[in-house]
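Coordinate inspection notes
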Amino acid sequence: MTLAAFALLTAAVLAWAEPACKVPRAAPTGTAAWTAAHSSAAAAVARMSQQDKINMVTGIGWDKGPCVGNTAAISSINYPQLCLQDGPLGIRFGTGTTAFTPGIQAASTWDVELIRQRGEYLGAEARGCGVHVLLGPVAGALGKIPHGGRNWEGFGVDPYLAGIAMAETTEGIQSAGVQACAKHYIANEQELNRETMSSNVDDRTMHELYLWPFADAVHSNVASVMCSYNKLNGSWACESDKAQNGLLKKELGFQGYIVSDWNAQHTTNGAANNGMDMTMPGSDFNGRNVLWGPQLNTAVNNNQVSRARLDDMAKRILAAWYLLGQNSGYPSINIRANVQGNHKENVRAVARDGIVLLKNDGILPLKKPAKLALVGSAAVVNPQGMNACADKGCNTGALGMGWGSGSVNYPYFVAPYDALRVRAQSDGTTLGLHNSDSTSGVANVVSGADAAIVVITADSGEGYITVEGNVGDRQNLEPWHNGNQLVQAVAAANKNTIVVVHSVGPIILETILATPGVRAVVWAGLPSQENGNALVDVLYGLVSPSGKLVYTIAKKAEDYGTAVARGDDNFREGLYVDYRHFDNAKIEPRFEFGFGLSYTNFTYSALQTTTTATITPGPAGGPTIPGGPSDLWDTVATVTATITNTGAVAGAEVAQLYLSLPPSAPPSPPRQLRGFAKLKLEPGASGTATFKLRRRDLSYWDTGRQQWVVPSGVFGVSVGASSRDVRLEGSLQV
Ligand code: NOJ
């Protein structure tokens, strides 16, 4: 071992043993890029006045600049006015920008290449608009409450899948030289009382569920993290020493900066001394109540906040800026630039490949029907205009995304009717339309058609907008606009009914599935601007559907075991959210996590498991790199399986690997997702699904030792087509 390596290791071991400190030091190790960025930052900080530093860490005030968040330029170091802009699916308020698919749709593809490309394109557009910090991706809400208003902004309720998507998206965005911002940190699971309630989360659950995907973002060198509105275990997230200094900066070795959610700061000193590094927007939404700026200056002068802490804030912000190379040749800010390029191709691919086929008795794919009928207000674009409702705060017309700050303008919008009409014309199909949710008169339109397609929706969003009585979170898990009755009315008049669902999250489908004449259910999710095109691609079999559910669809809402909390939320369900809960409590879901049909069939064979010498029981103990102890990220085992397309058409299969921990581990969910692979296969072709298991994938969080520990014994390995459709079983001995 070299002297330098020894020194780093010793520092890591020492840092490990210490309690969370108030002024975090830079993590013991980091990537070479961070090290270089921090040294450039330190040199710049040395040239800055105290006022410069205050300006760097304090937004200029709400609605005062070109972006949703802005800081002042600092001429002494050639630092520009920094632009922070929403958000996770494109450039908010852009007029020449792409409306990418929401995170939930990207996750539903389970396609890391598409997810990566989506991130790259997001980054390219942000850069083209001169946006320095793009406020995404989202891993909180994770989605433990199916009604949660903002679940659709993130990547589904499984932390492993969300973590992979966080990593790919962060790296994609940052490959364009744009700072990504992982949000909302942390345990921000509902909209009701989001600014007052406390999420009280036990240590193990925090690590294994809520922190997990943020660790992936940190491992991918995310530049910034946004602390959330809620309290964590009684402290505001933006002044939680444990969450910010303890977990993020020390345990995960996060090298970048923590920016507040807009107005999530509550005190001058509490935020500064507990790890927050930048306040946004710098004032309240009335332009008053400035908590840093002159207040922070006074606090530093009075030694209530140390000069070292202020320097650390500035250094972290500057390091992120240098890390992304934004110190040279960065475009000037123009949110209205036209930067779409060919990015709509990614939107269509994600919209299409995120569609999950839930039921099909053979009616799909359609084959040149003579007469088709299309039903529902969601079949056509909002009659007031595709961008008529500010921040998408209405559910009128076809649905492409939820509402709130995580929404963007559509540059164009292809509704189901627009795309079906084109296809019908080329096939010589007569297409009838009933573009309302009223049952009256619908029978006339659908009777006699070869098939009737009825489009229903469920919407949700951020709590500052109320839509049809839903204050962000959904009031229930029913389809909106009497969707059940509409489907019943259609199916009563046409026994070849196809139900298309555009939804932010699960809805209860029992009524619809029990309706005679409903022959197919197409879960089309949130397809953004390519809504209709993606649907037609799947309905007509241009591609086989290949999306899989990223949440469970229950038989009834109570089965989830979680609900929007009226006061504080004690997270009593612990690790048992979504499928972890259904499996543990032995509740039969209607459609399980990971489920999705295809137009073809796949068989699974030849499960093989190989382990490496590093697969030893016990705690991870490597030096801290961004993301945690370095050895957590090492591959310790590889599992492979052969997947064969045994059907008649091309298709893609998402093979999934679930692990069961050995009995020596504390009580744990029966099965947890720890790998997936999407294989595109021609009829008759076989491919190999390869699952690389990292040390972290085999570990549980040991609350006593405060370490990730690999338990000894026999791990169960289940590989299959969903969390319940296990096709191959094996084991791993540690
Ligand atoms: C509040 C939201 O929670 C956050 O996601 C967003 O980035 C900011 N507002 C800025 O619009």
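Everything quoted here is computed from the prediction, not taken from an experiment.

1. Examining the side chain of Ser283
Relative to the assigned elements, Ser283 resides in the loop between helix H9 (268-273) and helix H10 (294-301). There is a polar contact of 3.0 Å between the side chain of Ser283 and the backbone nitrogen of Trp62. Residues contacting Ser283, with those up to four places away along its chain left out, are Gly61, Trp62, Asn263, Arg288, Asn289 and Val290.

2. Details of the nonpolar core
In globular proteins that are soluble, nonpolar side chains generally tend to be buried together. Core analysis: the biggest nonpolar cluster contains 167 residues, and Leu296, Leu318, Leu358 and Trp523 have the highest contact counts within it. Here Leu318 is in contact with Ala41, Ala44, Val45, Met48, Met56, Ile77 and Tyr79, once residues within four sequence places are set aside. Core analysis: the next-biggest nonpolar cluster, separate from the first, contains 32 residues, Leu372, Leu420, Val455 and Ala524 among them.

3. Some details on the pairing of strand S15 (residues 518-523)
Counting buried positions over the 6 residues of S15 gives 5, a clear majority of the element. Where strand S10 (residues 356-360) and S15 come together, 4 bridges link them in antiparallel fashion. The residue bridging Leu357 from the neighbouring strand is Val522, located in S15. Where strand S14 (residues 497-503) lies against S15, 5 bridges are found, and the strand directions are parallel.

4. A closer look at the sheet that holds strand S24 (residues 700-702)
Pairing in this open sheet of 3 strands is antiparallel, and the strands run S17-S25-S24 from one edge to the other. The open sheet is flanked by strand S17 (618-619) and S24, the only strands paired with a single partner. Pairing of S17 with strand S25 (residues 707-710), which is carried by 2 bridges, proceeds in the antiparallel orientation. Its bridge partner lying in S25, Pro619 is registered against Val709.

5. Quick look at the environment of Leu247
For Leu247, the position within the fold is in helix H8 (residues 241-251). Note: C-alpha distance between Leu247 and Gln672 (425 residues apart in sequence) is 23 Å. The contacts of Leu247, once residues within four sequence positions are left out, are Tyr185, Met206, His207, Leu211, Lys242 and Leu252.

6. Concerning the site of the ligand
Within the structure, the ligand sits among 13 residues, and Asp86, Arg150, Lys183, His184 and Asp261 are positioned closest to it. At 2.6 Å from an oxygen atom of the ligand is found a side-chain nitrogen or oxygen belonging to Asp261. Grouping the constituent residues of the shell around the ligand by class yields 4 nonpolar, 2 polar and 7 charged.

7. Some points on the UniProt feature "domain: Fibronectin type III-like" (unreviewed entry) in the chain
Here, the residues flagged by UniProt with the feature "domain: Fibronectin type III-like" (unreviewed entry) are residues 653-723. Here residues 653-723 runs as 0% helix and 58% strand, with 14 Å between its end C-alpha atoms.

8. Remarks on the state of the cysteines
Throughout this description, disulfide means a covalent bond between two cysteine sulfur atoms. For the coordinates displayed, the defined rule picks out 3 disulfides. Note on cysteine connectivity: Cys227 is disulfide-linked to Cys238, with sulfurs 2.1 Å apart. Every disulfide takes its handedness from the sign of the S-S torsion; for Cys227 and Cys238 that torsion is 105°, giving right-handed. Within this pair, whereas Cys227 is found in strand S6 (residues 224-227), its partner Cys238 is found in the loop between strand S8 (235-236) and H8, the two being separated by 11 residues in sequence.

9. Quick look at the pattern of salt bridges
Summed over the entire model, instances satisfying the criterion amount to 35 salt bridges. The salt bridge partner of Arg694 is Asp216, with a shortest N-O separation of 3.9 Å. With Arg694 in strand S23 (residues 686-694) and Asp216 in helix H7 (residues 203-219), this residue pair connects regions lying 478 residues apart in the sequence. Arg696 is the salt-bridge partner of Asp216, the closest N and O atoms lying 3.0 Å from each other. Of the two residues, Asp216 sits in helix H7 while Arg696 sits in the loop between S23 and S24, which places them 480 residues apart along the sequence. In terms of burial, Asp216 and Arg696 fall into one category: buried. Here the residues in one salt-bridge network are Arg150, Glu153, Glu191, Arg194, Glu195 and Glu462, joined through shared partners.

10. Thoughts on the packing of aromatic side chains
Scanning the model with the defined rule gives 17 aromatic pairs in all. Arranged with centres 6.4 Å apart and planes meeting at 70°, the rings of Trp523 and Tyr551 form a pair that is edge-to-face. With Trp523 in strand S15 and Tyr551 in the loop between helix H17 (531-539) and helix H18 (578-584), this residue pair connects regions lying 28 residues apart in the sequence. Taking the relative accessible area as the measure of exposure, Trp523 reaches 2% and is therefore buried. Aromatic pair Tyr560 and Phe582: ring centres 5.4 Å apart, planes at 80°, arrangement edge-to-face.

11. Concerning the sheet that holds strand S20 (residues 635-645)
Sheet architecture is open: 3 strands sit in the order S16-S20-S23, paired in antiparallel fashion. Here the strands that pair on one side only, and so sit at the sheet edges, are strand S16 (602-611) and S23. Pairs of neighbouring strands in the sheet enclose a mean axial angle of 20°, with direction left out of account. Judged from the 9 bridges that link them, S20 and S23 form a sheet pairing that is antiparallel. Looking across to S23, one finds that Thr644 is bridged to Ser686.

12. A look at helix H5 (residues 112-128)
Residue pairs spaced three or four apart in an α-helix point in one direction, given the helix's 3.6 residues per turn. The terminal C-alpha atoms of H5, which comprises 17 residues, lie 24 Å apart, in line with the 24 Å expected from a rise of 1.5 Å per residue. Taken as a whole, H5 has its buried residues at Leu114, Ile115, Arg118, Gly119, Tyr121, Leu122, Gly123, Glu125 and Ala126. In this structure, the buried side of H5 is in contact with helix H4 (103-109), strand S3 (133-134), helix H6 (159-175) and helix H12 (344-353). Where H5 begins, the capping side chain belongs to Asp111, and its oxygen is found 3.0 Å from the backbone nitrogen of Glu113. Phi for Gly130, located one or two positions after H5, is positive at around 75°.

Basis of the calculations
- Residues numbered from 1 in each chain as written.
- Predicted model: local features only at pLDDT ≥ 70, side-chain atom pairs only at ≥ 80, totals over all residues.
- Heavy atoms only, no water.
- Helix = DSSP H or I, 4+ residues; strand = E, 2+ residues; numbered from the N terminus.
- Polar contact = N/O pair within 3.5 Å; in protein donor to acceptor, adjacent residues only side chain to side chain.
- Contact = heavy atoms within 4.5 Å.
- Core = buried A, V, L, I, M, F, W, Y, C linked by side-chain atoms within 4.5 Å.
- Buried < 20%, exposed > 50% of the residue type's maximum accessible area, 1.4 Å probe, protein only.
- Pairing = 2+ DSSP bridges.
- Near = heavy atom within 4 Å.
- Nonpolar A, V, L, I, M, F, W, Y, C, P; charged D, E, K, R; others polar.
- UniProt positions renumbered as here; feature names shortened; annotations may be inferred.
- Disulfide = S-S within 2.5 Å.
- Salt bridge = Lys/Arg side-chain N within 4 Å of Asp/Glu carboxyl O.
- Phe/Tyr/Trp six-rings, centres within 6.5 Å; stacked < 30°, edge-to-face > 60°.
- Axes fitted to C-alpha atoms, helices over the stretch in contact; angles between N-to-C directions.
- Expected span 1.5 Å × (residues − 1).

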